[in-house]
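Secondary and tertiary structure notes
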Protein chains: 2
Amino acid sequence: MDLDGCIKALSHLDLDTKPVSVKAKSRDFFWYSPVLKARLDHVTADFVVSPTSEAEVIEVLKTCYAHDVPVTARGTGTGNYGQAMPLAGGCVLNLANMNKVKEIRPGSVVVEPGAVLRDLDAACKGDSGQELRMFSSTWATATIGGFVAGGSGGVGGIRWGSLRDPGNIIRLRVVTMEAEPQIQEITGEDLTRVAHAYGTNGIITELEMPLTAAYDWVGMFVTFPDFGEALRYAYDLASQDGILLKLISVFEPPVAHDYFLRVKPHVTPDQTVLAIMVAPQSMAGFETFTARHAGAEVIYRSDQTQWTKAPGHVFEYGWNHTTLRAMKIDPSITYLQTSYGTEDPVAKVLEARAAFSPECLQHIEVTRSGGRVNMAGLTLVKFTTEERLDAIVAEHEAMGIPNFNPHRYTLEEGGRQATDARQLEFKRQVDPKGLLNPGKMISWDDPDWGYETMYAWPGLRKAAE
Amino acid sequence: MDLDGCIKALSHLDLDTKPVSVKAKSRDFFWYSPVLKARLDHVTADFVVSPTSEAEVIEVLKTCYAHDVPVTARGTGTGNYGQAMPLAGGCVLNLANMNKVKEIRPGSVVVEPGAVLRDLDAACKGDSGQELRMFSSTWATATIGGFVAGGSGGVGGIRWGSLRDPGNIIRLRVVTMEAEPQIQEITGEDLTRVAHAYGTNGIITELEMPLTAAYDWVGMFVTFPDFGEALRYAYDLASQDGILLKLISVFEPPVAHDYFLRVKPHVTPDQTVLAIMVAPQSMAGFETFTARHAGAEVIYRSDQTQWTKAPGHVFEYGWNHTTLRAMKIDPSITYLQTSYGTEDPVAKVLEARAAFSPECLQHIEVTRSGGRVNMAGLTLVKFTTEERLDAIVAEHEAMGIPNFNPHRYTLEEGGRQATDARQLEFKRQVDPKGLLNPGKMISWDDPDWGYETMYAWPGLRKAAE
Ligand SMILES: Cc1cc2nc3c(=O)[nH]c(=O)nc-3n(C[C@H](O)[C@H](O)[C@H](O)COP(=O)(O)OP(=O)(O)OC[C@H]3O[C@@H](n4cnc5c(N)ncnc54)[C@H](O)[C@@H]3O)c2cc1C
Ligand SMILES: Cc1cc2nc3c(=O)[nH]c(=O)nc-3n(C[C@H](O)[C@H](O)[C@H](O)COP(=O)(O)OP(=O)(O)OC[C@H]3O[C@@H](n4cnc5c(N)ncnc54)[C@H](O)[C@@H]3O)c2cc1C
């Protein structure tokens with residue numbers, strides 16, 4: 001790569017080569033995983049460029065292509081698997097300044113990739129009482145482009161499923177990495193080639209996302225004396241077609257007591273806690289339903305309760321914020337991403353708890369999958385060794401509980417995807433030199449890779465050297 | 001009853017005693033059922049009074065109570081089971097003029113009972129881009145009070161379930177039938193005592209209903225060469241969490257060809273037809289999903305297609321409009337209301353078709369029940385005799401397909417409710433003389449009645465004399 005020539009050619013843009021700030025923009029939340037932390041800590045780009053328009057993106061890609069410089073896109077770097085980390089150095093393409101909300105219509109919005117989820121929601125609410133269907137719990141800091149390219153779903157998933165479900169992304173506008181970068185409008189089945197592709201298949205310069213009605217959601221904490229009872233309540237509440245929900249998270253004791261500092265004064269170590277978001281017009285139905293459950297106690301309601309120390313948004317206790325809060329108190333903690341499915345998820349969770357507690361503590365997110373109530377686990381794990389972590393993953397798999405391994409930084413290993421021939425073929429067209437986020441698509445580097453060899457891929461070992 | 005005294009006492013109100021117009025306001029769509037038609041055709045009230053305020057409602061009830069005059073509430077009389085027909089004569093309380101929309105908030109509306117569903121939707125859309133979660137397909141003519149007191153659900157049920165699900169009615173304000181009529185605000189579990197009670201447990205004077213975002217729904221007709229394939233498509237489409245739907249109706253051939261005059265030129269007698277409503281922002285996802293089904297062909301889209309004779313709203317081909325259209329072409333047709341449930345409804349429907357077609361033709365409404373995709377049947381039946389109709393119902397029951405018998409005018413027989421002790425106890429308090437819509441609650445007249453004796457209750461036989 002001709003780094004100097006590239007930097008010189010781009011020097012009229014907002015470009016940064018200062019090692020400290022370049023290193024800062026070369027990192028994300030990879031340190032959630034002790035495995036990735038050990039392997040990726042040294043990673044840094046050579047420079048950061050921050051375009052403010054699609055024309056500038058095209059110019060950067062064209063120039064980097066000409067100089068054989070790798071390009072790794074970045075929103076605000078909140079990914080947990082090193083998705084945004086430039087393994088081969090080169091250019092970090094920081095899209096945070098390309099953040100205009102372009103058009104808000106009934107049911108949809110057209111937006112640039114760098115818009116922060118919170119700002120986007122505020123714009124849509126202000127314009128016409130609308131908001132995104134779903135957001136990562138990093139709503140306050142993450143970008144819409146990073147969410148679509150690096151995330152999977154989150155708050156709102158209890159109603160709308162996940163980002164990969166048809167209808168949850170309408171259109172992506174993408175610039176390719178070629179001698180003459182092309183603009184492609186991606187819709188329909190093709191969306192899976194670009195969404196959740198970690199920026200390996202083109203740079204997203206515009207997104208068209210569906211919206212839904214915005215409400216002043218009531219955030220709550222609810223306690224139960226019994227974990228199983230709480231899970232069944234969560235399942236049944238999510239099955240109520242007339243009650244509009246945005247979140248149900250369930251925390252095995254003593255997660256809330258030990259790790260949620262502002263909740264701690266209000267719960268005991270043996271209470272199961274749920275974080276729940278309900279639309280105001282559904283609060284009457286919610287109360288009717290909840291009153292049927294003798295064990296349930298609403299200890300906090302964002303529209304009523306005054307705690308001396310306000311807890312903030314309840315969704316910032318769920319999804320991957322749970323892990324963050326636990327790690328802050330106990331740095332030895334890491335996590336798993338499991339699926340308990342839709343068949344009989346409550347029984348599966350209880351089985352997993354019986355097998356692994358207290359080494360693993362259940363943190364359940366209730367979502368929808370294929371039209372049914374689904375439970376996903378963001379299980380907290382007291383980390384000891386990599387061998388034990390791998391064994392825990394393997395034991396879950398043996399119990400019929402699939403894992404989306406968050407201790408791997410490649411698409412295939414983390415996403416449980418077999419090598420996707422269409423995705424790979426698409427990359428050959430849009431990134432012939434393989435310069436976009438190198439190292440993240442195993443099948444590009446190792447065409448014979450298959451999911452069965454997941455733990456054997458040499459890439460991870462090499463990075464650790 | 002002292003009819004003359006009562007009429008005199010109420011003569012300063014909008015009161016009608018002309019036999020022709022009183023008889024007109026004493027009827028509903030009971031003639032859908034040849035069984036009810038034979039038994040109820042003679043029914044008429046003695047007078048109709050049309051209040052415009054709650055104070056007038058109270059005055060009417062107080063006066064009727066004092067004179068022992070029965071009172072049967074009426075919206076616009078589109079019920080199908082004679083719900084609004086005054087079996088014991090007396091007063092028809094016509095609420096159609098009490099139709100103010102009182103307050104529209106984010107997610108809910110407060111409204112008087114006589115507001116027509118279409119007008120209510122228009123008011124909510126105009127105010128803040130909102131609309132009702134669900135409506136009966138009689139949207140253009142039926143009232144919100146009649147829908148809640150006499151209906152069960154409808155268009156929108158594919159997203160929100162049915163009216164009886166907690167959250168789908170927020171609050172009902174009710175006037176009781178006592179010497180001094182009381183005002184009760186009904187919420188929570190108590191809602192089941194008044195909603196779908198045919199006006200036997202108080203007169204609704206105000207409703208608080210949840211709203212959802214209004215969209216310019218795209219209405220479509222889709223054809224399939226194969227009925228089973230169409231059913232599976234309908235089930236899978238309804239299972240798509242990211243595609244916002246309002247309606248999926250499935251019509252066994254040749255229903256659409258034979259009975260839908262404006263659709264006929266565009267389909268063959270052996271094609272299965274679906275009526276579907278999709279939010280505009282979900283059309284891209286809908287098209288992606290539908291393209292996976294080789295057999296599917298979209299023959300009409302309300303936002304694109306020009307037919308010489310426009311078909312109107314597609315929902316006016318579904319729910320109980322299907323029956324209406326069929327009866328217009330073939331007066332011998334009537335219908336059933338069956339439930340194919342959530343377990344494996346497609347298999348159940350195919351079983352029923354194999355057993356009963358062409359005497360019965362499947363018309364399926366896809367809804368939600370307990371958080372899962374549900375199929376309800378508004379099966380068309382070529383009527384021959386009452387005995388055969390009863391046998392068809394019994395044969396369905398024997399196959400494990402429950403019926404909500406639309407050929408009965410009582411709450412218990414039509415609604416498949418066992419005698420509800422709480423509802424009965426409530427009636428004792430709010431209507432001690434039993435003057436509200438007499439004859440509709442079997443357990444009031446016959447405390448020993450049980451569901452197992454459904455076909456034996458003497459009330460029906462007596463009415464036929
Ligand atoms: C506390 C915490 C909670 C979290 N909760 C959730 C959650 O609920 N759900 C969830 O899905 N994730 C969650 N995450 C992960 C992450 O925050 C989300 O995926 C987030 O939306 C990423 O946005 P970002 O702007 O930080 O993206 P980044 O981390 O900057 O980038 C993510 C990926 O997208 C690529 N990318 C960024 N912009 C573009 C572009 N314009 N074109 C092409 N590729 C691009 C990057 O190269 C990278 O591979 C959480 C993380 C943390 C730390
Ligand atoms: C073509 C057609 C299609 C239909 N589709 C559907 C459908 O999709 N879903 C559905 O549920 N039904 C359906 N129905 C039945 C009926 O139209 C609906 O239930 C409708 O909403 C009733 O409204 P209405 O104003 O006509 O009520 P009415 O028929 O006037 O009254 C219905 C019942 O409610 C009582 N009532 C009315 N107002 C009050 C009040 N203020 N207080 C107390 N009691 C009151 C009456 O006494 C009566 O028992 C259909 C009927 C037809 C003819």
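Residues numbered from 1 in each chain as written. Chains lettered and ligands numbered in written order. Predicted model: local features only at pLDDT ≥ 70, side-chain atom pairs only at ≥ 80, totals over all residues. Heavy atoms only, no water.

In the annotation of an unreviewed UniProt entry, the entry for chain A reads FAD-binding protein, and the organism field reads Pseudooceanicola albus.

Section: the overall build of chain A
Stated precisely, the cut-off is as follows: The numbering of helices and of strands both runs from the N terminus, where a helix is a DSSP run of H or I of at least 4 residues and a strand a run of E of at least 2. We compute the radius of gyration from the C-alpha atoms alone; for a globule the expected value is 2.2 Å times N to the 0.38, where N is the number of residues. Working definition: with a 1.4 Å probe on protein chains only, accessible area under 20% of the residue-type maximum means buried, over 50% means exposed, and in between means partly exposed. Contacts are residue-level and defined by heavy atoms, with any inter-residue pair within 4.5 Å sufficient. Exposure was quantified through the Shrake-Rupley algorithm and a 1.4 Å probe, taking into account, for residues, occlusion by the shown protein chains and nothing else. Positive: Lys, Arg. Negative: Asp, Glu. His and the chain ends are not part of the count. Think of each charge as sitting on NZ of Lys, CZ of Arg, CG of Asp or CD of Glu.
Assigned secondary structure in chain A consists of 17 helices and 20 strands. A compact globule built from 465 residues would reach a C-alpha radius of gyration of about 23 Å, and chain A, at 22 Å, matches this within 12%. Counting only C-alpha atoms, chain A reaches 70 × 50 × 40 Å along its principal axes. With 465 residues in all, chain A has 62% of them scored as buried. Long-range contacts, defined as pairs at least 24 residues apart, comprise 72% of the intrachain contacts of chain A with a sequence gap of at least 6. As displayed, chain A offers around 16600 Å² of accessible surface, 52% of which is attributable to carbon and sulfur atoms. Here chain A carries 44 positive and 58 negative side-chain charges, and the mean point of each set is 3 Å from the other.

A closer look at the relation of the copies chain B and chain A
Which entries qualify depends on this criterion: A residue counts toward the fit only if its pLDDT is at least 70 in both copies, and the copies are then superposed by least squares on the C-alpha atoms of those residues.
Relative to chain A, chain B is turned by 180 degrees and slid 0.0 Å along the rotation axis, the superposed coordinates differing by an RMSD of 0.0 Å. These values place the two chain copies in the arrangement generated by a two-fold rotation axis. Of all interface residues in chain B, 100% are interface residues in chain A too; the two copies therefore contact each other through one and the same surface.

Structural notes on the interface of chain B and chain A
This is how it is decided: Here, a salt bridge means any Lys or Arg side-chain nitrogen found within 4 Å of an Asp or Glu carboxyl oxygen. Polar contacts here mean pairs of N or O atoms no more than 3.5 Å apart (in protein, one a potential hydrogen donor and the other a potential acceptor; neighbouring residues in sequence count only if both atoms are side-chain atoms). Polarity classes work like this: nonpolar for Ala, Val, Leu, Ile, Met, Phe, Trp, Tyr, Cys and Pro, charged for Asp, Glu, Lys and Arg, and polar for all others, with Gly in that last group.
Taken together, the contacts link 39 residues of chain B with 39 residues of chain A. Taking the shortest distance from any N to any O, the salt bridge between B:Glu189 and A:Arg292 comes out at 2.7 Å. Applying the counting rule to chain B against chain A returns 16 residue pairs in polar contact (both at pLDDT 80 or more). Within the residue set of the side of chain B that touches chain A, elements represented by two or more residues are helix H7 (157-160), strand S10 (203-213), helix H10 (283-291) and strand S18 (363-369) of chain B. For the side of chain B that touches chain A, the element with the most residues is S10(B), which contributes four residues. Class assignment of the residues belonging to the side of chain B that touches chain A gives a composition of twelve nonpolar, 19 polar and eight charged.

Some words on the site of ligand 2
All names here are of chain B. As a reminder, the rule being used: Proximity criterion: a residue is near a molecule or strand once any of its heavy atoms comes within 4 Å of it.
In the vicinity of ligand 2 lie 38 residues, with Ala 73, Gly 75, Thr 78, Thr 143 and Gly 153 positioned nearest. Ala 73 has a polar backbone atom sitting 2.7 Å from an oxygen atom of ligand 2. Within the backbone of Gly 77, an N or O atom sits 2.8 Å from an oxygen atom of ligand 2. Burial of ligand 2 by the protein chains amounts to 97% of its free accessible area of 970 Å². At the level of elements, strand S3 (71-74), helix H6 (144-150), S10 and helix H11 (319-329) are the ones that each hand at least two residues to the shell around ligand 2.

Details of a negative patch on the surface
Our working rule: Patches here: salt-bridge-free residues with over 30% relative accessible area, like charges joined within 9 Å, nonpolar side chains (Val, Leu, Ile, Met, Phe, Trp, Tyr) joined within 5 Å.
On the surface, A:Glu343, A:Asp344, B:Glu343 and B:Asp344 cluster together into a patch of negative charge. With respect to the element layout, A:Asp344 can be found in the loop between strand S16 (338-341) and helix H12 (345-356).

Notes on the UniProt feature "domain: FAD-binding PCMH-type" (unreviewed entry) in chain A
Basically, it comes down to this: UniProt positions are given in the numbering used here, feature names are shortened, and annotations may be inferred rather than shown by experiment.
With numbering matched to this structure, UniProt assigns "domain: FAD-binding PCMH-type" (unreviewed entry) to residues 40-214 of chain A. Secondary structure over residues 40-214 of chain A splits into 21% helix and 25% strand, and the C-alpha atoms at its two ends are 39 Å apart.

A look at the pairing of S16(A)
Residue and element names in this part refer to chain A. Test applied: Should DSSP find at least two bridges between two strands, the strands are regarded as paired.
Covered by surrounding structure in S16 are Thr 338 and Tyr 340 together with Ser 339 and Gly 341, the residues of both alternating faces. Two strands pair when backbone bridges link them, and S16 and strand S19 (residues 372-377) are joined in this way by three bridges, in the antiparallel orientation. Looking at the pairing, Thr 338 lines up with Gly 377 of S19.

A look at helix H13 (residues 386-398) of chain A
Residues and elements named next belong to chain A. Here is the rule: The span one expects for a helix is its residue count, reduced by one, times 1.5 Å. Read the arc as the range of directions from the helix axis to the C-beta atoms.
When the terminal C-alpha atoms of H13 are compared, their 18 Å separation across 13 residues agrees well with the 18 Å that a helix rising 1.5 Å per residue should span. If you check which residues of H13 are buried, you get Leu 389, Ile 392, Val 393 and His 396. Seen end-on, H13 carries its buried residues on one side only, within an arc spanning 95 degrees. Exposed side of H13, more than 90 degrees from the buried face: Glu 387 and Ala 398 are the residues found there. Tucked into the core, H13 has its buried residues touching helix H3 (34-40), strand S15 (333-335), S16, H12, strand S17 (360-361) and strand S20 (380-382). Positive backbone phi, at 80 degrees, marks Gly 400, one or two positions downstream of H13.

Description of the site of ligand 1
All names here are of chain A. In the vicinity of ligand 1 lie 38 residues, with Ala 73, Gly 75, Thr 78, Thr 143 and Gly 153 positioned nearest. A distance of 3.0 Å is found between an oxygen atom of ligand 1 and a backbone nitrogen or oxygen belonging to Gly 79. A distance of 3.4 Å is found between a nitrogen atom of ligand 1 and a side-chain nitrogen or oxygen belonging to Asn 80. Relative to its free-state accessible area of 980 Å², ligand 1 is covered by the protein chains to the extent of 97%. Residues that form the shell around ligand 1 fall into these classes: 14 nonpolar, 23 polar and one charged.

Points about the pairing of S18(B)
Two faces belong to every sheet, and in a regular strand the side chains alternate between them. All names here are of chain B. Burial analysis of S18 places six of its seven residues in the buried class, which makes it a mostly covered element. Judged from the three bridges that link them, strand S12 (residues 245-251) and S18 form a sheet pairing that is antiparallel. Paired with Phe 251 across the bridge in S18 is His 363. Pairing of S18 with strand S19 (residues 372-377) involves six bridges; the strand directions are antiparallel. Along S19, the bridge assignment pairs Ser 369 with Arg 372.

What about the packing of helix H8 (residues 227-238) of chain B against helix H12 (residues 345-356) of chain B?
Residues and elements named next belong to chain B. Test applied: Orientation is described by axes fitted as lines to C-alpha atoms, over the contacting stretch for helices, and by angles from 0 to 180 degrees between their N-to-C directions. Note that the term roughly parallel is reserved for angles under 35 degrees, roughly antiparallel for angles over 145, roughly perpendicular for angles of 65 to 115, and oblique for everything else. Handedness of a helix crossing follows the sense of rotation of the near helix relative to the far helix, less than a right angle counterclockwise being left-handed and clockwise being right-handed.
Across the interface, H8 lies against H12 with an axial gap of 10 Å and an inter-helix angle of 155 degrees. Comparing the axis directions of H8 and H12 gives the class roughly antiparallel. Like other packed secondary-structure pairs, H8 and H12 cross with a definite hand, here right-handed. Across from Phe 227, Gly 228, Leu 231, Arg 232 and Tyr 235 in H8, the residues of H12 making contact are Pro 345, Val 346, Val 349, Leu 350 and Arg 353. Residue composition of the contact of H8 with H12, by class: seven nonpolar, one polar and two charged.

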